[in-house]
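What follows is the residue order along each chain.
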Amino acid sequence: MTERIAVDAGQTGIRLRWEHERERLEASAPGVLTDRPLMPQLAAAVGAVVTLHDLRPEFVGVGCSGLVTPEATELLGLVSGYGVREVAVAHDATTSYLGALGDAPGAVIAAGTGVVTLAVGRTVARVDGWGYLIGDAGSAFWIGRAGMDAAMRGYDRRGQLTPLTDRLQQIFPDLDNAYVELQSDERRVSRIADFARVVDELAASDPVAAGIMDAAAAELSESVVAGLRRVYLMEDPTVCALGQVLRSTNVRSRFVRYLRLQWPGLELAEPQGNALDGAALLADLRQDSPLSGLVARAFS
């Protein structure tokens, strides 16, 4: 087995894993900023780990959110000085799927700071993952943003009073200036997504928070149904749910309930692994796999 580094890069954080034979080392780095070039950020994260631990990886496999066109050649040029001879780059929807189900038919939804669904059947369909400005419905950012909106509505007396207002004020003592502080923070996406934890915590006692979590579950289930419909897998499909949002009992139970309106006997499949495992598996992905067309590769 060649030395390899797997990278799972999201907006909240980057996870990295170096593997060789039976040895393994894991590390983390700050999340990617999707409004800036991604390959230099990924190369910097890889370089930091390689330099710190004096590694010589030959392969780097990357799953990253925010990718439009995976630039494997650019990334290889940035990391080749570390001894890397092959790079494989894919959207994190692909690596999440590969880690969870391999390349078997089904649907995998991964909901963290953002959210994306990939369905594999006769064809491959991606649903959402369009970023916090025009997509990511049901994600932690979507929940956190809705929670902050509800908090400010309560503060203005425009909406229903909710303890979300008090919890937001613990973060921003001067609520009048909260929006200014957020707008000027380059980590505003992950910071807003963090407020999803507050919404989740209050959902058991606050109807406003509960309504937000229910709406998130509905959005996530709609994405799964849409993906399966597009790949013609509407009979007893395999569905796997990943990510921090779908580990919330407030979301997961509602999510399953909505899916059972379509498939009464549906049980979520247990994932074989995660997106970091999927990034590592890019090294061995078969050319005839339905996922291979979603992976960009470069060799030196």
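The written sequence of each chain sets the order in which its residues are numbered from 1. In view of the model being predicted, local features appear only for residues whose pLDDT reaches at least 70, and side-chain atom pairs are presented and counted only at 80 or more, with totals across whole chains, interfaces and linings using the full set of residues. Each side-chain value is derived from all of the structure's non-hydrogen atoms; neither hydrogens nor water enter the calculation.

Undergrad: Explanation requested: the sheet that holds strand S10 (residues 296-299) in the structure shown.
TA: Strands pair in a sheet through their backbones, by hydrogen bonds, and they do so in one of two ways: parallel or antiparallel. One open sheet holds the six strands; their spatial order is S3-S2-S1-S4-S5-S10, and the pairing between them is mixed. Every interior strand has two partners, whereas the edge strands, strand S3 (23-30) and S10, have only one. For this sheet, the mean angle separating the axes of adjacent strands, direction not counted, is 15 degrees. The sheet contacts of helix H3 (residues 92-101) involve strand S1 (4-9), strand S4 (59-64) and strand S5 (86-91), and relative to S5 the element is tilted by about 95 degrees. Here the rule is simple: two strands pair whenever DSSP picks up at least two bridges between them. For helices the rule is a DSSP run of H or I covering at least 4 residues; for strands it is a run of E covering at least 2, with both sets numbered from the N terminus onward. Angles shown run from 0 to 180 degrees and are taken between the N-to-C directions of axes, each axis being a line fitted to C-alpha atoms and, for helices, limited to the stretch in contact. Note on contacts: a residue pair qualifies if any of its non-hydrogen atoms lie within 4.5 Å across the two residues.

Undergrad: Would you take a moment to explain the side chain of Thr162 for this structure?
TA: Assignment of secondary structure puts Thr162 in the loop between helix H5 (140-156) and helix H6 (164-171). For Thr162, the contacting residues outside a window of four places in its chain are Ala150, Ala151, Asp206 and Val208.

Undergrad: Would you explain the environment of Asp8 in this entry?
TA: Within the secondary structure, Asp8 is located in strand S1. When neighbours within four sequence positions are excluded, Asp8 is seen to be in contact with Gly13, Ile14, Arg15, Gly63, Asp92, Ala275 and Leu276. Counting of polar contacts relies on pairs of N or O atoms within 3.5 Å, with two restrictions inside protein: one atom must be capable of donating a hydrogen and the other of accepting it, and residues adjacent in sequence are counted only when both atoms are side-chain atoms. Side chain to side chain, Asp8 and Arg15 meet in a polar contact 2.8 Å long.

Undergrad: Teacher, can you tell me more about a nonpolar patch on the surface here?
TA: There is a patch of nonpolar side chains on the surface, built from Trp130, Leu133 and Ile134 and spanning about 420 Å² of accessible area. Examined against the element boundaries, Ile134 turns out to sit in helix H4 (residues 131-134). Patch criteria: residues need more than 30% relative accessible area and no salt bridge. Like-charged residues are merged within 9 Å; nonpolar side chains of Val, Leu, Ile, Met, Phe, Trp and Tyr are merged within 5 Å. Areas reported as accessible are Shrake-Rupley estimates using a 1.4 Å probe. Residue values count occlusion only from the protein chains shown. The working definition used for a salt bridge is a side-chain nitrogen of Lys or Arg within 4 Å of a carboxyl oxygen of Asp or Glu.

Undergrad: Can you walk me through the sheet that holds strand S6 (residues 106-111) in this structure?
TA: Reading across from one edge, S8-S7-S6-S9 is the order of the four strands in this open sheet, with mixed pairing throughout. With one partner strand each, in any of the chains shown, strand S8 (124-128) and strand S9 (239-242) form the two edges of the open sheet. The mean angle between the axes of side-by-side strands here comes to 15 degrees, regardless of whether they run parallel or antiparallel. In this structure, S6 lies alongside S9, joined through four bridges in parallel fashion. The partner of Val108 across the bridge, within S9, is Cys240. Here helix H10 (residues 207-230) sits on the sheet in contact with S6, strand S7 (115-120), S8 and S9, set at roughly 160 degrees to S8.

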